[in-house]
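Residues per chain, in single letters:
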Amino acid sequence: QLQASGGGLVQAGGSLRLSCAASGRTFSSYAMGWFRQAPGKEREFVAAISWSGGSTYYADSVKGRFTISRDNAKNTVYLQMNSLKPEDTAVYYCAADHSPQTTAQAPDYWGQGTLVTVSS
């Protein structure tokens, strides 16, 4: 089970950190990732990280602003979001799969979403 938290309301230019805690299964050997779905739009890939944390991948729209990281001892993955824009408003979901590539495309495991709202 993946449990996302940390969403909220923030002004444009602000920051938020999302967390995704895993339980019931050890995800330390899995790649982890974040997706988001804005109102009226399809779910899209945001970021992924390898099991070791040594490799990270980002959507072009968030490169340089978002940072994905993980703490395997805590079975938790994070998404630090800086310089937020109104277009970042969405429900953010965490996900897991065997590799960053499969995580980015079609992950097997999904968490529930957490809402991020960025006001202008």
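Numbering of residues starts from 1 in every chain and runs along the sequence as written. With pLDDT at 70 or above as the cut-off, local features in this predicted model cover only qualifying residues; side-chain atom pairs require 80 or more to be listed or tallied, and sums for whole chains, interfaces and linings still use all residues. Only hydrogens and water are removed before side-chain values are computed, so all heavy atoms of the structure are retained for them.

*Asks:* Break down the side chain of Ser19 for me, citing the residues and quoting the values.
*Replies:* Mapped onto the elements, Ser19 comes out in strand β3 (residues 16-22). With a 1.4 Å probe rolled over the protein chains alone, any residue whose accessible area is under 20% of its type maximum counts as buried; one over 50% counts as exposed, and the rest are partly exposed. Residue classification places Ser19 among the buried positions, given a relative accessible area of 17%. Only heavy atoms enter the contact rule, under which two residues are in contact if any of them lie within 4.5 Å. If near-sequence neighbours (up to four positions away) are discounted, Ser19 is found in contact with Gln3, Ala4, Ser5, Trp34, Thr76, Val77 and Tyr78. By definition, any uninterrupted DSSP run of H or I lasting at least four residues is a helix, any uninterrupted run of E lasting at least two residues is a strand, and each is numbered from the N terminus.

*Asks:* Just give me the short version of the sheet that holds strand β1 (residues 2-5), but keep the residues and values in it.
*Replies:* DSSP calls a pair of strands paired once it identifies at least 2 bridges connecting them. Here we have four strands laid out as an open sheet, ordered β1-β3-β8-β7, and antiparallel in their pairing. Each edge of the open sheet carries a strand with a single partner, namely β1 and β7 (66-71). With strand direction ignored, the average angle separating the axes of adjacent strands in the sheet is 15 degrees. Alignment of β3 against strand β8 (residues 76-81), held across six bridges, turns out to be antiparallel. Pairing of Leu16 across the sheet is with Met81, part of β8. Lines are fitted to the C-alpha atoms to define the axes, a helix being fitted only along its stretch in contact, and any angle between axes, read from their N-to-C directions, falls within 0 to 180 degrees.

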